[in-house]
Amino acid sequence: MKNKQILDSESYSPLYKQLIKKLRSDITAGVYPVHSRIPSEQELCATYGVSRVTVRKALHELTQEGLLKRHQGKGTFVGMPRIRKDLRGMNSFHEACRMMGCEAGTRLVHAAMVHASEEDVQELMLAPEDEVVEIVRLRLADGMPVMLETNHFAPSFQSLLSADLTGSLYALLQEQHIEAAQGIHDISLCYATPAQAKLLDVSAGDALLCLHEVVFDQHGQPLHISHQVIRGDRFTFRI
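Notes on the structure in this doc start here. What you are looking at is a predicted structure, and each value in this text was computed from that prediction instead of being measured. (Residues numbered from 1 in each chain as written. Predicted model: local features only at pLDDT ≥ 70, side-chain atom pairs only at ≥ 80, totals over all residues. Heavy atoms only, no water.)

### A word on the sheet that holds strand S7 (residues 180-191)
Think of a sheet as strands paired side by side through backbone hydrogen bonds, with each pair either parallel or antiparallel.
Logical step 1: The sheet built from 6 strands is open, its strands ordered S4-S5-S6-S9-S8-S7 with antiparallel pairing. Among the strands making up the open sheet, the edge pair consists of strand S4 (104-115) and S7. Neighbouring strand axes in the sheet, compared pairwise and without regard to direction, differ in orientation by 20° on average.
Logical step 2: Alignment of S4 against strand S5 (residues 131-141), held across 11 bridges, turns out to be antiparallel. In the strand pairing of S5, Arg107 is matched with Leu138. (Pairing = 2+ DSSP bridges. Helix = DSSP H or I, 4+ residues; strand = E, 2+ residues; numbered from the N terminus. Axes fitted to C-alpha atoms, helices over the stretch in contact; angles between N-to-C directions.)

Printed below as a string of structure tokens:
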């Protein structure tokens, strides 16, 4: 393998950081597909003209991120990338996937009018006798299940039930000039029920992340409640 010397030793950015950026870019571009083996430490040293210490530091950081997985005696392989949701903004699942170079997918599980719970009445400012629009969807990244999402909307959003719910709900709302502007987030740990486990391709009782959100529109009015049950090995949050 030829020494390409593509890292800049004069840069203010440490060589291991440059190598991380290069490997991450190659993984995103598909040079190293998910589950494929990346070059050995020796090959990376020769290719990029860096020391083994630099290579090991870069691989360690990428492994800590979950982007790489090291298997003793077999080498280092590309892991399933984690989707990152920034809780400081209101980016949709589709947008989060796009930013990570993944293809977002959605499977509709259930969509109907249901009786409002006490939480719905309080958070969405409804009357006790009201119904809510309930939309339950399985969210996928590159065809792999990531989260089970339940959204509750006020009855004024009943028209959503006749829309294509396999895309972005926020894109549908934008067509009505409604923007998700901010939210209140609560993160906790929960354990997969048999039904959730089947959909998320995990074992019943496995630990999952739970994200509960109350989302407000651009006018400060409650827009919807979202409860997401998430695979922690495929999803991470930025706060």
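### Observations regarding the state of the cysteines
Logical step 1: A complete count under the given rule lists 1 disulfide for this structure.
Logical step 2: Shown here is the disulfide that connects Cys190 with Cys210, its sulfur atoms set 2.1 Å apart. Here the disulfide of Cys190 and Cys210 is right-handed, its torsion about the S-S bond being about 90°. Here the residue Cys190 occupies a position in strand S7, and Cys210 occupies one in strand S8 (residues 207-217), the gap between them amounting to 20 residues. Pair check on accessibility: Cys190 and Cys210 agree, each one buried. (Disulfide = S-S within 2.5 Å. Buried < 20%, exposed > 50% of the residue type's maximum accessible area, 1.4 Å probe, protein only.)

### Things to note about the packing of helix H1 (residues 15-29) against helix H3 (residues 52-65)
Logical step 1: Relative to each other, H1 and H3 sit at 50°, their axes nearing to 8 Å. Considered as vectors, H1 and H3 are oriented oblique to each other. Read as a crossing pair, H1 and H3 show a hand that is right-handed. Together, Leu15, Tyr16, Lys17, Leu19, Ile20, Leu23 and Arg24 of H1 and Thr54, Val55, Lys57, Ala58, Leu59, Glu61, Leu62 and Glu65 of H3 make up the contact between the two elements.
Logical step 2: Across the contact of H1 with H3, the residue classes break down as 9 nonpolar, 1 polar and 5 charged. (Parallel < 35°, antiparallel > 145°, perpendicular 65-115°, else oblique. Left-handed = near helix turned anticlockwise from the far one by under 90°. Contact = heavy atoms within 4.5 Å. Nonpolar A, V, L, I, M, F, W, Y, C, P; charged D, E, K, R; others polar.)

### Topic: the pattern of salt bridges
Logical step 1: The tally for this structure, following the rule as stated, stands at 7 salt bridges.
Logical step 2: For Asp26, the salt bridge is made with Lys22, and the minimal N-O distance between the two is 3.2 Å. One end of the pair, Asp26, and the other, Lys22, are both in helix H1, 4 residues apart, so they sit about a helical turn from each other.
Logical step 3: By sharing partners, the salt bridges in this structure join Glu41, Arg52, Arg56 and Arg70 into a single network. (Salt bridge = Lys/Arg side-chain N within 4 Å of Asp/Glu carboxyl O.)

### A word on H3
Logical step 1: Between its terminal C-alpha atoms H3 stretches 20 Å, which fits the 20 Å expected from 14 residues at 1.5 Å a residue.
Logical step 2: By the burial criterion, the buried members of H3 are Thr54, Val55, Ala58, Leu59 and Leu62. All buried residues of H3 fall inside an arc of 125° around its axis, so they share one side. In H3, those exposed residues whose orientation departs by more than 90 degrees from the buried face are Val53 and Gln64. (Expected span 1.5 Å × (residues − 1). Arc of directions from axis to C-beta.)

### Concerning the pairing of S8
Logical step 1: Most of S8 is tucked away: 9 of the 11 residues are buried.
Logical step 2: Of the pairings in the sheet, the one linking S7 to S8 comprises 11 bridges and is antiparallel in character. Bridge pairing links Gln182 to Phe216 in S8.
Logical step 3: Here S8 pairs with strand S9 (residues 222-230) via 8 bridges, running antiparallel. Within S9, the residue paired with Phe216 across the bridge is Pro222.
Logical step 4: Hairpin remark: S8 followed by S9, antiparallel, with 4 residues in the connecting loop; positive phi at Gly220, about 80°.

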